[in-house]
Amino acid sequence: MEVENSNDSYFKSYEDLQIHKLMLSDEPRNSAYHEAIFNNKTSIEGKVVLDVGAGTGILSVFCAKAGAKTVYAVEASETYKLAADIVKENQMENIIQVIHSRIEDLTSAQIPGKVDIIVSEWMGFYLLHEGMLDSVIIARDRFLKPNGLIFPEAATIYATPCSIPSIYKYWENVHGVRMESFSRLLREEAYKKPLTEKIPPECLISEPEVATWIDLREVTSDDLNEIKLRHVAVSNKVGTYEGICLWFTCTFPFPRGPSNTEPVSLSTEPDEPETHWKQTLIVLPNSMNVEVGSPICYDLTIKRSTDSNRRYNIELIMLDPEEVQHPEFCRCFMTKCILVNAMLEKYERGEGDGAE
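Scoring rules and cut-offs
- Residues numbered from 1 in each chain as written.
- Predicted model: local features only at pLDDT ≥ 70, side-chain atom pairs only at ≥ 80, totals over all residues.
- Heavy atoms only, no water.
- Core = buried A, V, L, I, M, F, W, Y, C linked by side-chain atoms within 4.5 Å.
- Buried < 20%, exposed > 50% of the residue type's maximum accessible area, 1.4 Å probe, protein only.
- Contact = heavy atoms within 4.5 Å.
- Phe/Tyr/Trp six-rings, centres within 6.5 Å; stacked < 30°, edge-to-face > 60°.
- Helix = DSSP H or I, 4+ residues; strand = E, 2+ residues; numbered from the N terminus.
- Axes fitted to C-alpha atoms, helices over the stretch in contact; angles between N-to-C directions.
- Parallel < 35°, antiparallel > 145°, perpendicular 65-115°, else oblique.
- Left-handed = near helix turned anticlockwise from the far one by under 90°.
- Pairing = 2+ DSSP bridges.
- Salt bridge = Lys/Arg side-chain N within 4 Å of Asp/Glu carboxyl O.

(A) Summary view of the nonpolar core. Within the largest apolar cluster, 91 residues are counted, with the highest numbers of intra-cluster contacts made by L50 and L127. Among residues more than four places away in sequence, those in contact with L127 are W122, A155, I157, I214, F248 and C250. In terms of nonpolar packing, the next biggest core, distinct from the first, is built from nine residues, C297, L319, V324 and C332 among them.

(B) Looking closely at the packing of aromatic side chains. Counting across every chain of the model gives seven aromatic pairs. Seen from their ring centres, F248 and W277 are 5.3 Å apart, and the 75° between their planes marks the pair as edge-to-face. Placement of the pair is F248 in strand β10 (residues 239-251) and W277 in the loop between β11 (265-267) and β12 (279-290), with a sequence separation of 29 residues. Each residue in the set Y33, F151 and F252 is aromatic and connected to the rest through ring pairs, giving one cluster.

(C) Expanded view of helix α4 (residues 58-65). In terms of burial, α4 is a largely internal element, six of the eight residues being buried. Of the positions making up α4, those classed as buried are L59, S60, V61, F62, C63 and A64. G67, located one to two residues past α4, shows a positive phi value of around 110°.

(D) Just unusual backbone geometry, in detail. The peptide bond linking F151 to P152 adopts the cis configuration, its omega dihedral lying at -10°. Residue placement: P152 occurs in the loop between β5 (144-151) and β6 (154-162). Residues other than glycine seldom take positive phi values, yet Y126 does so here, at roughly 40°. Checked against the element boundaries, Y126 lands in the loop between β4 (115-119) and α6 (133-143). Judged by relative accessible area, Y126 falls into the buried class, the value being 6%. Non-glycine residue N147 carries a positive phi angle of around 65°.

(E) Molecular detail of the packing of helix α2 (residues 27-39) against α4. As a packed pair, α2 and α4 sit with axes 9 Å apart at the nearest point and diverge in direction by 25°. Judged by the angle between their axes, α2 and α4 are roughly parallel. You can see that α2 and α4 cross each other, and the crossing is right-handed. Where α2 abuts α4, its residues N30, Y33, H34, I37 and F38 lie against I58, L59, F62, C63 and K65.

(F) Inspection of the sheet that holds β5 at higher detail. Across the sheet, which stays open at both edges, the five strands sit in the order β3-β2-β1-β4-β5 with parallel pairing between neighbours. Each of the sheet's edge strands pairs with one partner strand only, and the pair in question is β3 (96-100) and β5. Put simply, the sheet's adjacent strands are angled 25° from each other on average, direction ignored. Examined bridge by bridge, strand β1 (residues 48-52) and strand β2 (residues 70-75) share five bridges and lie parallel to one another. Note that in β2 the partner of V48 across the bridge is T70. Packed onto the sheet, helix α5 (residues 80-89) meets β2 and β3 and runs at close to 170° relative to β3.

(G) View of the sheet that holds strand β9 (residues 226-234). A sheet is described by the order of its strands in space; here three strands give the open sequence β9-β13-β14, paired in antiparallel fashion. The open sheet has two free edges, formed respectively by β9 and β14 (312-319), since each of these has just one partner strand. Pairwise comparison of adjacent strand axes, ignoring direction, gives a mean angle of 15° for this sheet. For strand β13 (residues 295-304) and β14, the ladder comprises eight bridges, and the chain directions are antiparallel. When the bridges of β14 are listed, T301 appears paired with E315.

(H) Representation of the pattern of salt bridges within the structure. All told, the structure shown has 16 salt bridges when counted by the stated rule. When the shortest N-O distance is used, the salt bridge between D105 and R102 registers 3.0 Å. Classification of R102 as partly exposed rests on a relative accessible area of 44%. Ionic pairing is found between E274 and K278, a salt bridge with its closest N-O pair at 3.9 Å. Given a relative accessible area of 42%, E274 falls into the partly exposed group. Given the relative accessible area of 29%, K278 is considered partly exposed. Several salt bridges converge on common partners, so that one network encompasses E153, D215 and R217.

Now the structure itself:
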């Protein structure tokens, strides 16, 4: 008996279906949005919401259940048909309007007037790659009322040196067989394209550094063209330096009104529960041993691709710690930093020249 594949009308492929399954099974993601929306229930009740890139419509249903008067669920792909089915399944047709369109193509006839709230799950790998933040910015500029809310309203990218056992250490002994030759092939491929995988938090060998902080109320598309970070990291353990780990966090609006509730955050940090974003790992061609206090210096550039606005390229340049200016109170074991710290601490105690 031949069975018709009804997924064809919703998804481009079986792989696309599985991607949506992965996202909808992401409990930290779902919980963060659900908690953030319902913690802001008093700000959502009776208001108009725009869901940018609504997908299956789950965030639209959250907003409707939180009391929104109208929710515009805008989805450019054929998944909008599934969103319409889910809206009907949850008996929300009188609140949620599913619109098949790109945000860029929306007209005032489709969304008359301004909206009070924008909600979107726009994040890509390491926040920006294959994300849709540009669409949220367009929606904000065209449709959001002054002082309207955006869910999430801020995002931060972090970077730190790490070891990567899946590429290095594991292959030193596979049931008694050394497989450095295979490890080398993996590194060669990983060097061309960052890895997306869950890394154990103990593999981080330094404190993280903020690569960029994004305020969704103010950011422009031009701000996202290139992000640069120079990081003088200091190893906090004996280990191996084998790459750079990237992750992000998103912060949702602070609940308005009388409430002791803290703003909700969604984090893809290694020591947080795993999400479908996992972490992004930039693999070095060779492993380097580090001690406590070893300086690790690098330049990191995240640059928008010329081929696609939604894709980014990462460039990592390792720097010589002897040739890079270290920050004040750098805790590395280099002599110049030890001497500077001693002088600064002396002045803080009032023991510098001229002190009485």
